Structure formats: structure tokens, C-alpha cells
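# Working through the structure, step by step
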Amino acid sequence: MGLVRVSDEGDVRERVNIVYRLNNAYALNVSETLNSWLQTQRTAEADAQVSISPFEQIEREVVVVPEIATNSLVVSATPRYFEEIEKLIRELDDKALKRGEAIYARVCANCHGTKDQPGSLPTSPRFAAHTFKNGSDPHSLYRTLTHGYNQMVPQTWMVPRQK
């Protein structure tokens, strides 16, 4: 019966391997969150003394590695668990965008404006319409918020997650 079950559930060696580019969240943060969640799942199963076959252990093995240079995640999982992991990645990435939008509206929009309204300082480029002199990619924006640039003072009150 065990052999039939294995063949019914598919080949445990079959894996989905993908590089998932994050648009809003930092790869290192998302990978730490996912790996912590995966470890908590494993610990809970061990504490509950749930009997898991070697086949199920291999099938549940998920690998999430950050690729910092491209802000991507390298993910490897069996097809059975891949959709769940992909959903978690999308949700974490979307939540980062929502946090950023809230901070921008509260702190930055006054000077830099919004899509609909200009900011209060004519020399402050509009975030949605301009390329910043110090760069508009996530790393450049992080550096500008941390160290400042020209008339933009460092935002020392912000913690890294907010930048």
C-alpha cells in the first residue's frame, strides 16, 4: 500500500524552481520571514509528535534563498507546496507596498507631492513623475533616506524597514 501511495502522490523529486523578483519588499526580509515560518511549522509538528513519513518530509522541504543584488528569492519546492509559498511571497511583497504608500502619504507627499498634486517645495521632484538625481531604484532611495542628498536631509528617525 505504501508504494501505491507514493506513486499516487507523484514523484517527490519533482520540484518547482523559480527566481521570484520582489517589487516592494526586501529579499532578505522576506526570506527570513518565510524560513522562520517554515521552521515554526516543523517545530510544531515535532512538538505535536505528528508521525510524518520520510516521503512527506522530503515533499514538505522548501528552500528559500535571498539574492540581494537583484532583490529576488530563489525558491525550490514540490508542486504541492509551491502555490502556498508563492501566495505568501506575493502577500508579503504587497504588504510592503502598502506600508510604503502610508509612509509616503504621511511624510513625503508634503514636499514631493502626489500623482495628482505638486509638492510644497518646487525643487523637490515628484516621486511618481521624475527620476531622482541620486537614483530611483530601491537601493538608491534607501541611501538617500539614510544619508540625505543635496537639500534632502537624512531621515534619521526611520528604521531600515521603513526606508
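Since this is a predicted model, take the numbers as computed values, not measurements. (Residues numbered from 1 in each chain as written. Predicted model: local features only at pLDDT ≥ 70, side-chain atom pairs only at ≥ 80, totals over all residues. Heavy atoms only, no water.)

## Let's talk about the overall build of the protein chain
What counts here: Runs of E in the DSSP output that reach at least two residues are strands. Runs of H or I that reach at least four are helices, and both are numbered from the N terminus. C-alpha atoms define the radius of gyration, and 2.2 Å times the number of residues to the power 0.38 defines the globule rule. Summary of the burial criterion: residues with accessible area below 20% of their type's maximum are buried, those above 50% are exposed, and those between are partly exposed, where the area comes from a 1.4 Å probe applied to protein chains only. Each accessible area is a Shrake-Rupley result for a 1.4 Å probe, and residues are judged covered by the shown protein chains and nothing else.
What the protein chain contains, in helices and strands, is 5 helices and 3 strands. In the protein chain, the succession of helices and strands from N to C terminus is α-β-α-α-β-β-α-α. Radius of gyration (C-alpha) of the protein chain: 22 Å, far over the 15 Å computed for a compact globule of 163 residues. The buried share among the 163 residues of the protein chain stands at 27%. Accessible surface for the protein chain amounts to roughly 11200 Å². Of this, 56% is attributable to carbon and sulfur atoms.

## Some details on the packing of aromatic side chains
Worth spelling out the cut-off: Pairing of aromatic rings covers Phe, Tyr and Trp, the last counted by its six-membered ring, and requires centre-to-centre distances within 6.5 Å; plane angles under 30 degrees mean stacked, over 60 mean edge-to-face, and any other angle means tilted.
On inspection of all chains with the given rule, the structure shows 1 aromatic pair. A ring pair is formed by Tyr26 and Tyr142, whose centres lie 6.3 Å apart and whose planes are at 85°; its orientation type is edge-to-face. Of this pair, Tyr26 sits in the loop between strand S1 (16–21) and helix H2 (27–47) while Tyr142 sits in helix H5 (residues 138–147), and the two are 116 residues apart along the sequence. With a relative accessible area of 25%, Tyr142 lands in the partly exposed category.

## Section: the pattern of salt bridges
Definition in use: Whenever Lys or Arg places a side-chain nitrogen within 4 Å of a carboxyl oxygen from Asp or Glu, that contact is recorded as a salt bridge.
In the structure shown here, the tally under the stated rule is 3 salt bridges. Glu61 serves as the salt-bridge partner of Arg42, at 3.7 Å between the closest nitrogen and oxygen. Placement of Arg42 in helix H2 and of Glu61 in the loop between helix H3 (54–60) and strand S2 (63–67) is noted, with a sequence separation of 19 residues between them. By relative accessible area, Arg42 is classed as partly exposed at 32%. In this structure, the salt-bridge partner of Glu86 is Arg90, at a minimum N-O distance of 3.8 Å. With Glu86 and Arg90 both in helix H4 (residues 79–112) and 4 residues apart, this pair spans about one turn of that helix. A relative accessible area of 38% means that Arg90 is categorised as partly exposed.

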